[in-house]
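Structural features, examined
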Amino acid sequence: MSHRRDQRSSRAALFDDIEEGGLRASSSRDVDEHGNEKAIESLQDRVSFLKRLTGDVHEEVESHNRLLGRMGNDMDASRGIMSGTIARFKMGSIPLSIWISWIVFTNI
């Protein structure tokens with residue numbers, strides 16, 4: 001019989017520890033949950049900010065890509081015009097002195 005009493009007292013002590021730990025855990029759990037909720041809100045704010053920032057960077061990159069594309073097209077067009085002008089100089093259809101005087105007087 002004393003063996004059974006020892007088991008019961010051991011079990012009671014075991015459950016007492018769990019209950020006490022459970023009470024402490026629940027109060028610290030509430031604190032932990034509150035801290036976790038604050039941390040989650042903070043992370044959500046950071047994620048939202050980073051999403052907006054990433055979207056802004058993406059729009060800026062797209063804008064620059066369009067600008068660079070237009071500049072490339074303009075440079076190609078200018079290259080074509082200059083090639084034609086140089087070809088005319090080489091053929092002698094327009095004397096160089098006329099071109100120079102035209103450029104000088106039109107830029108005044």
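Structural notes, computed from the coordinates. (Residues numbered from 1 in each chain as written. Predicted model: local features only at pLDDT ≥ 70, side-chain atom pairs only at ≥ 80, totals over all residues. Heavy atoms only, no water.)

Moving on, we get to the overall build of the chain. In terms of helices and strands, the chain carries 2 helices and 0 strands. Relative to its full complement of 108 residues, the chain shows a buried share of 2%. As displayed, the chain has an accessible area near 9800 Å², and 60% of this comes from carbon and sulfur atoms. (Helix = DSSP H or I, 4+ residues; strand = E, 2+ residues; numbered from the N terminus. Buried < 20%, exposed > 50% of the residue type's maximum accessible area, 1.4 Å probe, protein only. Areas by Shrake-Rupley, 256 points an atom, 1.4 Å probe, with all protein chains shown as cover.)

Before going further, it helps to examine the pattern of salt bridges. Under the criterion given, the structure shown has 1 salt bridge. Between R79 and D76 there is a salt bridge whose closest N-O contact spans 2.9 Å. Within this pair, R79 and its partner D76 are both found in helix α1 (residues 2-91), separated by 3 residues, close to a single helical turn. R79 gets classed as exposed once you look at its relative accessible area, which sits at 51%. Using a relative accessible area of 44% as the deciding quantity, one classes D76 as partly exposed. (Salt bridge = Lys/Arg side-chain N within 4 Å of Asp/Glu carboxyl O.)

We now examine a negative patch on the surface. Among the surface-exposed residues, D30, D32, E33, E37, E41 and D45 lie close enough to one another that they form a single negatively charged patch. Here D45 lies in helix α1. (Patch = residues over 30% accessible without salt bridge, like charges linked within 9 Å, V, L, I, M, F, W, Y side chains within 5 Å. Lys, Arg positive; Asp, Glu negative; His and termini not counted. Charge placed at Lys NZ, Arg CZ, Asp CG, Glu CD.)

What follows covers a nonpolar patch on the surface. A surface patch of nonpolar side chains, about 440 Å² in accessible area, is lined by F49, L50, L53, V57 and V61. The residue V61 is located in helix α1 in this model. Classification of V61 by relative accessible area gives partly exposed; the value is 41%.

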